[in-house]
Amino acid sequence: MNNDIKIPILIMAFIRPDLLKQCLTQLSKFKPPIIYVMGDGPRNENEIALCNESRNLALNPEWDCEVIPIFNDKNEGIVKSFIKGMNLMFSEHEYGIYLEDDILLSESFYSFAKELLIKYRINDKIGHINATNAAPRYLAGTESSYHFSNYITEWGFATWRRMWKTYDVRMSEWKNCNKRKILNEACCNWRAKRGLKKMFDQHCENDDPWAWGYQWYFNCIEKGALSITPKVNMSLNLGFERNDSTNTFGENPIASQLEQCSLPLIHPQEIKRNWDFDKAIEKIVCPPDIHYLKSRLYNKFIKI
């Protein structure tokens, strides 16, 4: 692996300095050499002090590294801030890792991502590298260090400039593409297809989107770009069950403990989607109608 290549990390810093501090402490264990800090502006006077505290933490990490601040004077929202930060990072680097302030990364993810970013740098069949494995038990007996999936996770991920250049937050191509083909390739059950179509419809040419992830997911699927998922889980989202979270509420449905990947990596013999794993993931994040109804009835029974 080329040790001269430095992979930057873009960190979102807003109004949760307590979580950001844990995030940075975890990063200090493997000391990434470059961090970009995307700090959105406060939405009201009560958030000014929290924004300032978060920015101060991010500008003064516990290890020696280059810090590039990207601060908004006014609140521009998570989507515009995400795009602004990614645009700057990929204007200066071919590779990058994205991280929100509530994510803990495994110490080994940086080395894992770096090797794969370099290995697949010109391979258009790969578009995204997950840090999260929502069901590590399904890959526990496999030899390879990772596998190929159609599912992306946003809780810490790595990608390439070549992929970011194709991103369209307005999802204009959704109007003209073969929707049935896209959904059939993306999903394994009808409930998942219905939910994904609804989200794609909402974000297509939306001038005020509330999320960026569905557009990124569509971009990968539409380009036929698979994601890489590690054999073990290397990401933990701490942002659930808090009233200051943007898109995570209630209990984390796919939380798994942080693990270290073994090095050197063992690469799969071919680039091929693991359908069995994707089906297992879909049953967790979007169970079939009959399982969903059974779960709702069971929860009502427990409450009674």
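Refer to the structure printed above.
Note that this is a predicted model, so its numbers are computed, not measured. (Residues numbered from 1 in each chain as written. Predicted model: local features only at pLDDT ≥ 70, side-chain atom pairs only at ≥ 80, totals over all residues. Heavy atoms only, no water.)

Regarding the pattern of salt bridges
Opposite charge on two side chains permits pairing when their charged atoms draw close. Tallying each qualifying case throughout the model produces 11 salt bridges. One salt bridge connects R121 with E94, and the closest N-O pair in it is separated by 3.0 Å. On the criterion of sequence distance, the pair formed by R121 in the loop between α4 (109-119) and β6 (126-130) and E94 in the loop between α3 (77-92) and β4 (95-100) is long-range, its members being 27 residues apart. Under the relative-accessibility criterion, R121 is labelled partly exposed at 36%. The partly exposed category is assigned to E94, whose relative accessible area is 28%. (Salt bridge = Lys/Arg side-chain N within 4 Å of Asp/Glu carboxyl O. Helix = DSSP H or I, 4+ residues; strand = E, 2+ residues; numbered from the N terminus. Buried < 20%, exposed > 50% of the residue type's maximum accessible area, 1.4 Å probe, protein only.)

Some remarks on the nonpolar core
Generally speaking, nonpolar side chains in soluble globular proteins are found buried as a group. F82, M86, W174 and W216 are the most contacted members of the largest nonpolar core, which totals 44 residues. Top element by residues in this core is α3. It accounts for six residues. Residues within four places of M86 in sequence aside, it is in contact with L10, Y98, F157, T159 and W164. Of all hydrophobic cores here, the second largest spans 40 residues; its members include L20, A113, L117 and Y120. (Core = buried A, V, L, I, M, F, W, Y, C linked by side-chain atoms within 4.5 Å. Contact = heavy atoms within 4.5 Å.)

Considerations on the sheet that holds strand β7 (residues 146-149)
Spatial ordering of the open sheet is given by β3-β2-β1-β4-β8-β6-β9-β7, a layout of eight strands whose pairing is mixed. The sheet is open, and its two borders are formed by β3 (66-71) and β7, each paired with just one other strand. Shown here is a sheet whose adjacent strand axes are inclined to one another by a mean of 25°, direction ignored. Where strand β1 (residues 9-13) and strand β2 (residues 34-39) come together, five bridges link them in parallel fashion. Opposite I9, over in β2, you have I35 as the bridge partner. Relative to β3, helix α2 (residues 48-59) is tilted by about 155°, and along the sheet it contacts β1, β2 and β3. Contacts from α3 reach β1, β2, β3, β4 and β8 (157-160), with the element oriented near 155° to β1. (Pairing = 2+ DSSP bridges. Axes fitted to C-alpha atoms, helices over the stretch in contact; angles between N-to-C directions.)

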